[in-house]
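Fold and contact review
For reference, the chains in residue letters:
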Amino acid sequence: MRRALLAATALLSLATTAQTALAASDTPETPYVDDRSSADAVVHSLYSAINRHEFARAWGYYGDTKPAKDFDTFVKGYDGTDTVEVKTGPISDEGAAGSIYYNVPVAIQATDKKGEAKVFAGCYTLRQVNAQIQAPPFQPIFIDKGALKPSTADFDEALPPGCGDGPPPPKKDTALEQAKKAFLATYGDQCDKQLLANEPEVFSIKYKDKNAQPGDPDKETRLFHFSCSAAAYNDSSVYYMTDEVDGVRQLQFAEPETDIRYENNDSEGKLLSVTVIGFQTTGWAVNSDYDQDTHTITTFNKWRGVGDASDSGTYLFRNGDFSLVQYDVDASYDGEENPQTIVDYNTAP
């Protein structure tokens, strides 16, 4: 009997404690939601964090573009806010060069600490980067931007039917997207993973066609430079080009085949001759650079780390394509840089 009385007293004490705690907080604690599996789930997770005053977590749902100039300003923006309710509508999405952009209609009702409620509506744009091309640390779906404006409608009617008037995803660059797909399909398993996630350098080259008539507009070729691998002293790249005639294609670099002779067949000995015996092409560009002023791509391939033996090429853009105009070879492993030009189309015969 005594044991039963003690148990009943303990239960009554726990119930009283729970009621006291509930009264102190006015409302039950907002559930913890941290779901990155879909665009609307991220939005709901954002407001879960805001309701729980977990502002570092809320800040973390955004990408590089943050909703305030700094974290402290972001937190101060919610100084008077007590709770926020959120609704999301039908989601539209669009793929763009290794990413999917989601437009999410959103309506919120923010209630301040005095009990006054205000309604806001608009759209959030979220981005999901292809997980296969990411390097650590992995980034899940994140908020790219958001635009909510005060609404005069009731909360139940404020949700936009769609995001036609919301912030659109970036305009699709079809040529760039095709170049990225071609690069990943061909070199996705050969390149460094951290470099695969990088955006390529993009250049626009405008020129007059050799057969152009007076008044004809300039033509345009676009050049895409993809970094592929970084070794001890040589970085390898791949270039793609696109124009209105040929579409997207990989740039091929002409290189001379050489017959190199050393005294006693010893590469550390005296260099006797370097003879061009033919030409070949390659899709690789080593330690390359594109000069927008001269419209040239240069390559520089070190045969060993000190750079005293190497080959280098200069490729000039003219009339819609790049052509080899100069090729130098330094075949002497003598500790000095002393290349000799073995191909020269810069000067007349």
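Presented here is an overview of the structure given in this document.

Criteria and thresholds
Along each chain, residues carry numbers from 1 onward, in the same order as the chain's sequence is written. Given that this is a predicted model, residues contribute local features only at a pLDDT of at least 70 and side-chain atom pairs are listed and counted only at 80 or more, while totals for whole chains, interfaces and linings are drawn from all residues. Side-chain calculation: all heavy atoms of the structure are included, whereas hydrogens and water are not. Residues belong to a common nonpolar core when they are buried Ala, Val, Leu, Ile, Met, Phe, Trp, Tyr or Cys residues joined through side-chain atoms within 4.5 Å. Only protein chains enter the accessibility calculation, which uses a 1.4 Å probe; a residue whose area is less than 20% of its type maximum is buried, one above 50% is exposed, and one in between is partly exposed. A run of H or I in DSSP becomes a helix once it reaches four residues, and a run of E becomes a strand once it reaches two; helices and strands are each numbered from the N terminus. Residue contacts are defined here by distance: any two heavy atoms, one from each residue, within 4.5 Å place the two residues in contact. Helices are assigned an expected span. That span is 1.5 Å times one less than the residue count. Polar contacts, as counted here, are pairs of nitrogen or oxygen atoms within 3.5 Å of one another; within protein the pair requires one atom able to donate a hydrogen and one able to accept it, and residues that are adjacent in sequence qualify only if both atoms are side-chain atoms. Here the term patch refers to residues with relative accessible area over 30% and no salt bridge, with like charges joined within 9 Å and nonpolar side chains (Val, Leu, Ile, Met, Phe, Trp, Tyr) within 5 Å. Using a 1.4 Å probe, the Shrake-Rupley method yields the accessible areas, and only the shown protein chains count as cover for residues. Salt bridges, as used here, are contacts in which a Lys or Arg side-chain nitrogen is within 4 Å of a carboxyl oxygen on Asp or Glu.

So, about the nonpolar core. In a soluble, globular protein the nonpolar side chains are often hidden away together inside. Core analysis: the biggest nonpolar cluster contains 25 residues, and Val 43, Leu 46, Tyr 47, Tyr 124, Leu 126 and Ile 143 have the highest contact counts within it. At the level of secondary structure, the elements contributing two or more residues to this core comprise α2 (39–51), α3 (55–60), β1 (81–88), β3 (99–112) and β4 (117–129). The element contributing the most residues to this core is α2, with 7 residues. Apart from residues lying up to four places away in sequence, Leu 126 is in contact with Ala 39, Val 42, Val 43, Ile 100, Tyr 101, Tyr 102, Val 104, Ile 141, Phe 142, Ile 143 and Asp 144. Residues Tyr 315, Phe 322, Leu 324 and Tyr 327 belong to the second largest nonpolar core, which totals 22 residues.

Turning to α2, a few remarks are in order. Its 13 residues place the ends of α2 19 Å apart at the C-alpha level, agreeing with the 18 Å of an ideal helix rising 1.5 Å per residue. Counting buried residues in α2 gives 11 out of 13 residues, a clear majority hidden from the surface. Taken as a whole, α2 has its buried residues at Ala 39, Ala 41, Val 42, Val 43, Ser 45, Leu 46, Tyr 47, Ser 48, Ala 49, Ile 50 and Asn 51. Where α2 is buried, its residues touch α3, β1, β3, β4 and β5 (142–150). Remark: His 53 follows α2 within two positions and exhibits a positive phi of approximately 60 degrees.

A word on the side chain of Arg 222. Topologically, Arg 222 is positioned in strand β7 (residues 219–230). In this structure the side chain of Arg 222 is engaged in a polar contact, spanning 2.8 Å, whose partner is the side chain of Asp 173. Not counting residues within four places of it along the chain, the set of residues in contact with Arg 222 comprises Asp 173, Ala 175, Leu 176, Val 202, Phe 203, Tyr 240, Met 241 and Thr 242.

Next up on the list: a nonpolar patch on the surface. Side chains of Val 276, Phe 279 and Tyr 345 sit close together on the surface and give an oily, nonpolar patch of about 290 Å² of accessible area. Take Val 276: it is sitting in strand β11 (residues 271–282). Residue Val 276 is classed as partly exposed on the basis of its relative accessible area of 32%.

Treat this as a map of the structure, not an account of what it does.
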